Amino acid sequence: RQQTLRAAIDWSYELLSEAERALFCRLSVFTGGFEAPAAEQVCHGKPVVKDNLLELLFQLVDKSLIVADTEQEGSARYSMLEALRQYASEKLPAETLEPLRDAHLQHYVELARKAYAERLEEAETWLARLELEHDNLRAALEWSRERDPDRHLHLAGSLAWFWHFHSYLTEGRHILSQALLKDHKPSDQLARALWG
């Protein structure tokens, strides 16, 4: 059964254009789904032109390699079946992985920063959005833990209020404690993490 599934995925993959293959593989960086603006920010780069990325994404949806959930309020959310995501991740060229993970991290650092800044006026909206993105936030935290302690601290500190309100207390405390083990210069991010 596994070999049959793999052969079917191989067949579909071979039918893709170069740009479609590149985007399909890059989208595997997202866990738990993504929105089109996130894909545009994280996955562009030769041969995927930013202006054509949405068109390529829709082509992957048409070919049933990406699932579109348009029934949610707001913008559509896209995802990959886990078997397809693992396959795409395996096909991702090694030299592409680090810049792609860094772009993914930066996108979620900015998202968490914006959520923190607007938490008093738009708490309900941001709590729901962060819950949807929680798997991606976890992946970004894991990637940055050893590679980029400053952005790890920034992301963790910005999420402390979300973890508190959604009762991820053990997880949040563990991540913040890890982030604070590193030496950091005094900053707003450090104060936010200590408060968290």
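Further up the page is the structure itself.
Asks: Give me the packing of helix α9 (residues 149–165) against helix α11 (residues 188–195): which residues, what numbers.
Replies: Look at α9 against α11: their axes get within 8 Å of each other, and the N-to-C directions meet at 45°. It follows that α9 is oblique to α11 by the angle criterion. Crossing geometry of α9 relative to α11 is assigned as left-handed. Where α9 abuts α11, its residues Leu 153, His 154, Gly 157, Ser 158, Ala 160 and Trp 161 lie against Gln 189, Leu 190, Arg 192, Ala 193 and Trp 195. Its residues assigned to classes, the contact of α9 with α11 shows 6 nonpolar, 4 polar and 1 charged.

Asks: Quick rundown of the packing of aromatic side chains? Include the residues and the values.
Replies: Applying the stated criterion across every chain, the model contains 6 aromatic pairs. For the ring pair Phe 34 and Tyr 78, a centre distance of 5.8 Å and an interplane angle of 25° mean the geometry is stacked. In this pair, Phe 34 is assigned in strand β1 (residues 34–35) and Tyr 78 in strand β3 (residues 77–79), connecting sequence segments 44 residues apart. For Phe 34, a relative accessible area of 1% translates into the label buried. Taken together, the ring pairs connect Tyr 13, Phe 24 and Tyr 87 into an aromatic cluster. If you follow Arg 119 out to its NZ or CZ, it ends over the ring of Tyr 116, 3.8 Å from the centre.

The rules behind each value
Residues numbered from 1 in each chain as written. Predicted model: local features only at pLDDT ≥ 70, side-chain atom pairs only at ≥ 80, totals over all residues. Heavy atoms only, no water. Axes fitted to C-alpha atoms, helices over the stretch in contact; angles between N-to-C directions. Helix = DSSP H or I, 4+ residues; strand = E, 2+ residues; numbered from the N terminus. Parallel < 35°, antiparallel > 145°, perpendicular 65-115°, else oblique. Left-handed = near helix turned anticlockwise from the far one by under 90°. Contact = heavy atoms within 4.5 Å. Nonpolar A, V, L, I, M, F, W, Y, C, P; charged D, E, K, R; others polar. Phe/Tyr/Trp six-rings, centres within 6.5 Å; stacked < 30°, edge-to-face > 60°. Buried < 20%, exposed > 50% of the residue type's maximum accessible area, 1.4 Å probe, protein only. Lys NZ or Arg CZ within 6 Å of the ring centre and 35° of its normal.

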